[in-house]
Each structure stands twice: as structure tokens, then as C-alpha cells.
Amino acid sequence: MRSRFDLILLLLLFSCISCLKEEKMSTSPQAAITSFTVGYYRVKVHDMTWQGHDTVAYVSENGSNYPMTIDQINNRIYNVDSLAYGSEVGRVTTAVYGTGTVIYYYADEPDLVYVWNSSDSIDFTRELYFGAVSTDESYVRYYQVNLNVRKVFPDSLIWHGPDTVGFPALSGISAVSKGDSVFCFGVDSTGAVSFSSRHITEGGWNGSNHITGLSADGWQHRVTVCGGRFHTVSGGTLYGSDNGLDWSVTKTGVRNIISSGTDNGILWAISQEGNIIKTEDLAEWSQVQPVPLNFPDSAAYIFTYPLATNANISRSVVVGLADTLYASVWTMLSGDTVWTQVDMPARKELRLPSVSGLSVFRYDGALYSTGCGMDGFRQSNDNGVTWYPCQSYAEDYSSWNRYMQIPSELKVNTPVFVAVPDSRGYIWIMSEDGRVWHGAINRLIKH
């Protein structure tokens, strides 16, 4: 640092070093900090009382759970894993070891130098430097110390947008995520089926692209991704595309598809004869069963994931619209041969309403749904049995996520919109008027 500072520092340490000399300890020109540990500190957490009111609590956390890295090349000391949001680090003790005498000072008071003591309360909210003074008084080595604290609550969901320069207005929209891009399909002002897309991290929307090989007449307004390809149904025919622009016939005699919320390479559909069918290679199709009463025959989503208790068994859940006031939910385990309808809960407020523009997706280990008139997201942690509204506190729902809130603009004005997650942990919401929002639970973002 500055030579004036070095002189002051050495003068302050003279008496301490003299004591070491009187004990006839060996001296050395070497100085370094070799170990740095943070002690206990408080973390302020937000919670709710059993009545559903916000409250604040404090918990004690041990800093040793967050190892400090000592960069001897760049003379820096820091923690790679940030402390929890709400950590109070204005008065924290430390355990520091090294060769020589340990000192510290704050950048906003450079002339006040302290000989470190394990009982000192260090203020890590200020720019801080630690140093080691060699025992022969010839050398001082300084380290900039940073105690990193998360600045955003890990469960918070922050929305970006709406982007007023999103995609051109489309009606009857259907959104999917494929690779590192999101796609929105619909019918444009000319009456043609079109799509707009963008990379999830770079650039903007690429305008309206008229697709070829597919007419808007008889189009079901449902697009899904399975096996790395786009699929849709129009006029009783299943079409496929690798790029979303050029479509070709895959199979005739298909009434509808079930959108794949989890691309495990199996495409599910409903045949014109009224049977549930599936395929893994688009060539060989197998009939599962006749379509049961109340099975979702339109706007249906399928999700497949392993059981929490047995990773060797997978569960598939179908959620969608049937001719009822509430959405229909069906389930099948990997060893089953037919679909079974899930009983609706007795409490009507926990059922999933049958609404236009229904979007269902799996996110953070739960199923979420939204749509026109729902005023927000609904969350299900029991494979689609119960659907709790995320905009109100549910004291009997232990893993309810109160931070899953839709953008405020959609609570006031509710145009037709769709929601879809991407590969980076973000949720994209696109409305028919071309507005776009994207947001993510902070801890789920993949950098």
C-alpha cells in the first residue's frame, strides 16, 4: 500500500514485536495469512404466523459452513459460496492464522490500524483489508477481504418486462421451449400459421415467420416438442418439423396431441377412432386404451418424472380440459397399462378451474398452472390432486411457494396468454397482443 501507512503500522506494532524479541524467538522476512474462518452471525428471515401474517425471525449461522478462499497470488480472501440472504455481518468474530502478526484496517479509515484479536467484532459491510507483518519487521503483506452475502432472496421471483417489442401479435398462441430458444406459434393478421422465436439469453424476437406445409384450417393451436422435434395436429393429421418453419406429414388419423411437459422421447396422442396412442420413433404406434369419460381431449399436458421414493419407477400425469367445470387430471405409473383419473378434492377451491388458455408446466419439483381468469399461479405438490392459489397463504401446505406470482400487469388486464419454462430456469409468459415477460426463482437460474 502506501509507505506512510507502512511506517504508521510498524510503529503501532513495535511494542508487540519487541515482546517477541525478548522471548528470543526466531525471526523471518516471510509473512502470509494461511487460514481465515468467520464465526457466528445472525440471519434475518421472513416467515408467516399461523394466521398468515408476515413476521421476522433471526437464526444463528456458523460462518465455518462457508469456507474462505485465500488467493495468495492476487492477495484476496473471499467465500465462493455466498452467505444466505439476510445475513447480518456488521459484527462478526474471526479465526485467523498465518506467519507473522495479523493486522487489519478499513479502507475508509486507512490510518487506523488494528492488531487482530480473536474477540474483535469485524465489520464486513465495509471495505476491509487484513495483513500479516513478518517477524523481522521487514515486510507487510495485505489481503483484500470480501465476505459475500446473497443480495437477492433465493426464492424470490423477479419478472422482466413486459417487452413492448416482443413478437408480432398472434391469436390462438401456443408456446414451447426447445434447446436454448423459446417459440410462440399462432395465427397472424393474414390468417396464416406463423411463429416467432428468440434465444433465451441473447438478442430479441425474430419477427413473424410464415410456416410451410401446414394450413391454419383445422389447426388445433397446440404445438409440442418431443424427441427434439416440433409436433402439431391440423385437420386430423399429425405434422412434424425440425426447425418450426418447414412441416411435413407424420401420421394421419390423429385427433389431438398431448403436449409433452417432459421430453422423454414418447409422444402421446388421441386417434380419430377415440383411442389413446403413443410412439417412441414416430413409426410404430401402440394403442393404450380407448379414451375414458372425462379424459382431457383438448388442451392436455403430460409430465413424466421418477417417484421421490423410488427412482426406478416413473409417474406420468396428464392435466387438461374436458367437458367439466374443472380441469381433469389422470395418472399412470411406469408399470401400469391404463390411465387412472385422480379424484377431485372435496374443497372446490383446491380444484383446478377449467379456463381458456390453460397453461400447465413443471417447475421446482411442483406442477404449476395458470390461465385467463385465474388471477395467478396455482401450485400442486401432490401430482395434480390439489391446486393451491399462490397469491394467498396456505397454512396447511408445507411446501407452498408464496413467491410464485404472475406479473402485476396480468392481474389488472387479463389478455389470452401462455406460460412455458426454458432450459435455464426461467418462465416465459407471452400474450396474444405480443407482450412478453420472463422471470425465475433466483436459486434455480442456471448461469
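Scroll up for the structure.
Residues numbered from 1 in each chain as written. Predicted model: local features only at pLDDT ≥ 70, side-chain atom pairs only at ≥ 80, totals over all residues. Heavy atoms only, no water.

A. The arrangement of unusual backbone geometry in detail. At the junction of G161 and P162, the peptide bond is cis and its omega measures out at 10 degrees in the coordinates. Tracing the backbone shows P162 in strand β12 (residues 157–163). Unlike most non-glycine residues, E137 shows phi in positive territory, near 70 degrees. Tracing the backbone shows E137 in the loop between β10 (128–133) and β11 (140–146). Judged by its relative accessible area of 24%, E137 falls in the partly exposed class. We note that L282 has phi near 65 degrees; this positive angle belongs to a residue other than glycine. Residue L282 is classed as partly exposed on the basis of its relative accessible area, which comes to 25%. (Helix = DSSP H or I, 4+ residues; strand = E, 2+ residues; numbered from the N terminus. Buried < 20%, exposed > 50% of the residue type's maximum accessible area, 1.4 Å probe, protein only.)

B. Local environment of the pairing of strand β23 (residues 275–279). Counting buried positions over the five residues of β23 gives four, a clear majority of the element. Relative to β23, strand β22 (residues 267–271) runs antiparallel, the two sharing four bridges. Across the sheet, L267 pairs through a bridge with T279, a residue of β23. Where β22 folds back onto β23 in an antiparallel hairpin, the turn is made up of three residues, including G274, whose phi is positive at roughly 90 degrees. Relative to strand β24 (residues 285–290), β23 runs antiparallel, the two being bridged by five bridges. If you follow I277 over to β24, its bridge partner there is Q287. (Pairing = 2+ DSSP bridges.)

C. Main features of the nonpolar core. F377, M404, W428 and M430 are the most contacted members of the largest nonpolar core, which has 33 residues in total. Listed by contribution, the elements that provide at least two residues to this core are β12, β13 (171–178), β14 (181–187), β29 (359–363), β30 (366–370), β33 (417–421), β34 (427–431) and β35 (436–441). V38, I77, Y106 and L147 belong to the second-largest nonpolar core, a separate cluster that totals 27 residues. (Core = buried A, V, L, I, M, F, W, Y, C linked by side-chain atoms within 4.5 Å.)

D. Quick look at the sheet that holds strand β21 (residues 254–260). If you trace the eight strands from one edge of the open sheet to the other, you get β24-β23-β22-β21-β25-β26-β27-β28, paired in mixed fashion. Each edge of the open sheet is held by one strand with a lone partner, namely β24 and β28 (340–341). Pairing of strand β26 (residues 314–321) with strand β27 (residues 328–333), which is carried by six bridges, proceeds in the antiparallel orientation. If you follow S316 over to β27, its bridge partner there is M332.

E. Up close: the side chain of T224. By the secondary structure assignment, T224 is in strand β17 (residues 219–226). Within the structure, T224 has its side chain in polar contact with the backbone nitrogen of S260 (distance 2.7 Å). Ignoring any residue separated from it by four or fewer positions in sequence, one finds T224 in contact with V176, R229, F230, H231, I257, S259, S260 and L267. (Polar contact = N/O pair within 3.5 Å; in protein donor to acceptor, adjacent residues only side chain to side chain. Contact = heavy atoms within 4.5 Å.)

F. Local environment of the packing of aromatic side chains. Applying the stated rule across the entire model yields 23 aromatic pairs. Through pairs of rings, three or more aromatic residues link up here, namely F36, Y104, Y106, Y114 and F130. In this structure, R76 packs its charged tip against the face of Y78, placed 4.4 Å from the ring centre. For R222, the ring lying beneath its charged end belongs to Y301, and the centroid distance is 4.6 Å. (Phe/Tyr/Trp six-rings, centres within 6.5 Å; stacked < 30°, edge-to-face > 60°. Lys NZ or Arg CZ within 6 Å of the ring centre and 35° of its normal.)

G. Structural view of the sheet that holds β29. Spatial strand order, β29-β30-β31-β32: four strands in an open sheet with antiparallel pairing. For this open sheet the edge positions go to β29 and β32 (388–389), each flanked by a neighbour on one side alone. Pairing analysis gives five bridges linking β29 to β30, with the strands arranged antiparallel. Bridge pairing in β30 links F361 to Y368.

H. Broad picture of the pattern of salt bridges. Within the structure shown, the criterion is met by eight salt bridges. In this structure, R229 engages D242 in a salt bridge whose closest nitrogen and oxygen atoms are separated by 2.8 Å. One end of the pair, R229, is in strand β18 (residues 229–234); the other, D242, is in the loop between β19 (237–241) and β20 (248–252), and 13 residues separate them in sequence. With a shortest N-O distance of 3.0 Å, E349 and R347 are connected by a salt bridge. (Salt bridge = Lys/Arg side-chain N within 4 Å of Asp/Glu carboxyl O.)

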